[in-house]
Amino acid sequence: MSFDGAHILEEARAQIGVCAQKESLDALRIKYLGRKGVVQDLMGRIPTLSAEERRSFGAGVNELKKNLEALFTEKETGLAAAAAGAAKDFVDITLPGKTPLSGRLHLLSQVEGEICGAFSRLGFRVFKGPEAETEFHNFEALNIPLDHPSRDAFDTFYLRPFDVSRSGFSGREKKLLRSHTSPAQIRALKTCPPPMAVVVPGRVYRPDAVDASHSFMFHQVEGIAVDKGIRFSDLKGVLIAFAKEMFGAETRMRFRPSFFPFTEPSAEVDISCFACKGQGCSVCKKSGWLEILGCGMVHPHVFKSAGLDEKKWRGFAFGMGVERVAMLKYGVNDIRLFFENDIRFLEQF
Ligand code: 2NL
């Protein structure tokens, strides 16, 4: 009596090869090596054999058993390794996610955007100019005379004269950090032929002692509109539309006479207090009004300095502090909070 050990082994190899799970491999192991399995069945036949046959038959069965065990051990090791790898790479998509830290615009950028957005919907374009300016653009062109106190070194950051000859230009150019955004408006007047309307946002610098309401660097938004026959009533209409959009449709406005060297006539503008609707509260210091901007009709000297015919063109201009608007609208009581980079303050807005 004999059996085809090689055939059994190949069949087992094929079946083991397609096993993907430990469970199906265990079932195969029982089929081949179990108590009622193929190998045990062959072993059970040994006593029925003659003495001569037993020797080679027994050796054959033992050989088959050894080879089958080797196949199972190898496959088991492979399946275990694959399972470990799968566990390592497994992503449980049902777990709650980790909320990423989300960035946002600084409150001053948000408010600057709100202001410029309101004016751009009224037809103004956004224009930007340099922070390091010439005396001409910051003062002269704006009708601020040489003896004006704000030209004194105490009120303006003057930059060390920079030898521009080394950069291909000739001579020395005296520069300063602009003390308002108006010099950029002069540049807008020189660049954009009227009729024109622009708003100019940006940083400005003044050597003030820092306290709850002063900073040596702050932000302004200024605006200017130029056309033939522009009148003070155009200025009022634009500013009232702006205030209603910025502070609410029920906002009222009042204009008080004032003075700026670059506008004539000039006015300071208050809005009715949005906190108490003008009744008087702690926000408006019981007055019912909040001062938010300055404005006026463009001075003829300014048109002349910008190379425009002051007989032909009329314009209005206005300017406001972004920090002041932000502090009023969002209830911030100290300007220094904007510049300390304290996330506990910044993330509230
Ligand atoms: C304020 C007042 C103001 C202007 C700015 C301006 C610019 C040119 C010509 C005429 Cl180029 N005027 N700007 C006019 C009136 C007021 O700002 O309180 N700013 C914070």
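Residues numbered from 1 in each chain as written. Predicted model: local features only at pLDDT ≥ 70, side-chain atom pairs only at ≥ 80, totals over all residues. Heavy atoms only, no water.

Points about the overall build of the chain
Thinking step 1. Looking only at helices and strands, the chain has 11 helices and 11 strands in total.
Thinking step 2. Taking 20 Å as the expected radius of gyration for a compact globule of 349 residues, we find that the chain reaches 43 Å, considerably beyond that expectation.
Thinking step 3. Seen through its principal axes, the chain has C-alpha atoms that stretch 135 × 60 × 40 Å.
Thinking step 4. Look at the contacts in the chain between residues 6 or more apart in sequence, and 64% of them connect residues 24 or more apart.
Thinking step 5. Taken as a whole, the chain presents about 20100 Å² of accessible surface, with 56% of it coming from carbon and sulfur.
Thinking step 6. Looking at the chain, you have 47 positive and 43 negative side-chain charges, and the mean spots of the two groups are 3 Å apart. (Helix = DSSP H or I, 4+ residues; strand = E, 2+ residues; numbered from the N terminus. Rg over C-alpha atoms; globule rule 2.2 N^0.38 Å. Contact = heavy atoms within 4.5 Å. Areas by Shrake-Rupley, 256 points an atom, 1.4 Å probe, with all protein chains shown as cover. Lys, Arg positive; Asp, Glu negative; His and termini not counted. Charge placed at Lys NZ, Arg CZ, Asp CG, Glu CD.)

Section: the environment of Gln40
Thinking step 1. Residue placement: Gln40 occurs in helix α3 (residues 38–45).
Thinking step 2. When its relative accessible area of 36% is taken as the criterion, Gln40 is described as partly exposed.
Thinking step 3. Each C-alpha atom of the pair Gln40 and Lys65 lies 9.4 Å from the other, and the pair is 25 residues apart in sequence.
Thinking step 4. Non-local contacts of Gln40, meaning those with residues more than four positions away in its chain, are made with Gly34 and Arg35. (Buried < 20%, exposed > 50% of the residue type's maximum accessible area, 1.4 Å probe, protein only.)

Overview of the site of the ligand
Thinking step 1. Taken together, 18 residues form the shell around the ligand, and within it Glu222, Phe262, Gly294, Ala317 and Gly319 come nearest.
Thinking step 2. Residue Gly319 places a main-chain N or O atom 3.3 Å away from a nitrogen atom belonging to the ligand.
Thinking step 3. Computed on the free molecule, the ligand has an accessible area of 490 Å², of which 88% lies beneath the protein chains in the complex.
Thinking step 4. Assessed atom by atom at 2 Å from the grid points, the ligand resides in the largest pocket.
Thinking step 5. Considering each element in turn, the shell around the ligand owes the most residues, five residues, to strand β11 (residues 314–321).
Thinking step 6. When its residues are assigned to classes, the shell around the ligand shows 10 nonpolar, seven polar and one charged. (Near = heavy atom within 4 Å. Polar contact = N/O pair within 3.5 Å; in protein donor to acceptor, adjacent residues only side chain to side chain. 1 Å grid on protein atoms, 1.4 Å probe; cavity = no way out; pocket = protein on both sides within 12 Å on 5 of 7 lines; lining within 4 Å. Sits in = over half its atoms within 2 Å of the grid points. Nonpolar A, V, L, I, M, F, W, Y, C, P; charged D, E, K, R; others polar.)

Considerations on helix α8 (residues 232–247)
Thinking step 1. Across its 16 residues, α8 extends 22 Å between first and last C-alpha, which sits within 8% of the 22 Å expected from 1.5 Å per residue.
Thinking step 2. Turning to α8, its buried residues number three or more, namely Leu235, Val238, Leu239, Phe242, Ala243, Met246 and Phe247. With its buried residues spanning 135 degrees around the axis, α8 presents them on a single face.
Thinking step 3. The secondary structure elements touched by the buried residues of α8 are α5 (107–120), β8 (253–260), β9 (263–272), β10 (289–298), β11 and α10 (322–330).
Thinking step 4. Backbone geometry just after α8 places Gly248 at a positive phi near 115 degrees. (Expected span 1.5 Å × (residues − 1). Arc of directions from axis to C-beta.)

Let's talk about the sheet that holds strand β6 (residues 196–205)
Thinking step 1. What the seven strands build is an open sheet, ordered β1-β6-β7-β11-β10-β9-β8; its pairing is mixed. Two strands close off the open sheet at either side, each with one partner strand: β1 (125–126) and β8.
Thinking step 2. In terms of strand pairing, strand β7 (residues 217–227) meets β11 through eight bridges, oriented antiparallel. Opposite Glu222, over in β11, you have Gly319 as the bridge partner. (Pairing = 2+ DSSP bridges.)

A look at the environment of Asp4
Thinking step 1. Mapping Asp4 onto the fold places it in the segment before α1 (5–17).
Thinking step 2. Measuring from C-alpha to C-alpha, the distance between Asp4 and Leu64 comes to 9.8 Å, with 60 residues separating the pair along the chain.
Thinking step 3. Within polar-contact distance, the side chain of Asp4 engages the backbone nitrogen of His7 at 3.0 Å.

Re the UniProt feature "binding site: Mg(2+)" (unreviewed entry) in the chain
Thinking step 1. Sites flagged by UniProt as "binding site: Mg(2+)" (unreviewed entry) map to Glu264.
Thinking step 2. Take Glu264: it is sitting in strand β9.
Thinking step 3. When its relative accessible area of 48% is taken as the criterion, Glu264 is described as partly exposed.
Thinking step 4. Excluding residues that lie within four positions of it along the chain, Glu264 makes contacts with Met297 and His299. (UniProt positions renumbered as here; feature names shortened; annotations may be inferred.)

Digging into the packing of aromatic side chains
Thinking step 1. Within this structure, the stated rule accounts for 14 aromatic pairs.
Thinking step 2. Where Phe119 meets Phe242, the ring centres are 4.6 Å apart and the plane angle is 15 degrees; that geometry is what we call stacked. Placement of Phe119 in helix α5 and of Phe242 in helix α8 is noted, with a sequence separation of 123 residues between them.
Thinking step 3. Take Phe119: its relative accessible area is 0%, and that puts it in the buried class.
Thinking step 4. When its relative accessible area of 1% is taken as the criterion, Phe242 is described as buried.
Thinking step 5. Clustering of aromatic rings is evident, with ring pairs tying together Phe119, Phe124, Phe242, Phe316 and Phe318.
Thinking step 6. The residue whose ring lies beneath Lys236 is Phe255, and the NZ or CZ to ring-centre distance is 5.4 Å. (Phe/Tyr/Trp six-rings, centres within 6.5 Å; stacked < 30°, edge-to-face > 60°. Lys NZ or Arg CZ within 6 Å of the ring centre and 35° of its normal.)

Some thoughts on the domain arrangement of the chain
Thinking step 1. Looking at the assigned domains, one finds that the chain contains domain 1 (5–89) and domain 2 (107–346).
Thinking step 2. Using only C-alpha atoms to locate each centre, domain 1 and domain 2 end up separated by 90 Å. (Domains from an automatic or database assignment.)

Examining the nonpolar core
One recurring pattern in soluble globular proteins: nonpolar side chains tend to sit buried together.
Thinking step 1. Ile115, Phe119 and Phe318 are the most contacted members of the largest nonpolar core, which has 46 residues in total.
Thinking step 2. In this structure, Leu189, Val226, Leu308 and Ala317 belong to the second largest nonpolar core, which totals 23 residues. (Core = buried A, V, L, I, M, F, W, Y, C linked by side-chain atoms within 4.5 Å.)

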